[in-house]
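Chain by chain, the residues:
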Amino acid sequence: MSIEHWWPKLKPSTQKWLIENNGDAVPQEVVTEITQAGGPATSDAWWSGQKEPTGFYFPDEAVDWIEAVANDEAVANGEAVANGDERGRP
């Protein structure tokens, strides 16, 4: 299942953590929640870096997708406009 399908099933606090820590190692409890929401299993090749001692990582495409979600939320909340984000400029 693609990220667009399981993302809305995550707790808002988990979504917030993923946005704020985008690109970082994903803690096991978050991996478990993602898997329960229909995301990739930890044995799935989708998880890059799964054999790294620091944890699990999203592939670049997922990091980019989460960044786009964060930018869209910022624009919707007026934050990007206040910060001079290119997407929020008139």
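Structure shown above.
Residues numbered from 1 in each chain as written. Predicted model: local features only at pLDDT ≥ 70, side-chain atom pairs only at ≥ 80, totals over all residues. Heavy atoms only, no water.

**Q** With reference to specific residues and values, describe the nonpolar core.
**A** Proteins that are soluble and globular tend to have nonpolar side chains buried together. Core analysis: the largest hydrophobic core is formed by 16 residues, its most contacted members being Trp6, Trp7, Leu10, Leu18, Ile34 and Phe58. Every element with two or more residues in this core is listed here: helix 1 (3-6), helix 3 (28-36) and helix 4 (60-76). A total of 4 residues in this core trace back to one element, the largest contributor, which is helix 4. (Core = buried A, V, L, I, M, F, W, Y, C linked by side-chain atoms within 4.5 Å. Buried < 20%, exposed > 50% of the residue type's maximum accessible area, 1.4 Å probe, protein only. Helix = DSSP H or I, 4+ residues; strand = E, 2+ residues; numbered from the N terminus.)

**Q** Mind laying out helix 3, listing which residues take part and the relevant values?
**A** Those residues of helix 3 not exposed but buried are Val30, Val31, Glu33 and Ile34. Looking straight down helix 3, one finds that the buried residues subtend no more than 160° of arc, so they occupy a single side. Among the exposed residues of helix 3, those pointing more than 90 degrees away from its buried face are Glu29 and Gln36. Here the buried face of helix 3 lies against helix 1 and helix 2 (12-20). Positive backbone phi, approximately 105°, marks glycine 38, located one or two places after helix 3. (Arc of directions from axis to C-beta. Contact = heavy atoms within 4.5 Å.)

**Q** Quick rundown of the environment of alanine 25? Include the residues and the values.
**A** Mapped onto the secondary structure, alanine 25 falls in the loop between helix 2 and helix 3. Accessibility expressed as a relative area gives 23% for alanine 25, which makes it partly exposed. Every residue in contact with alanine 25, bar those within four places of it in the chain, is listed here: Trp17, Thr54, Gly55, Phe56 and Tyr57.

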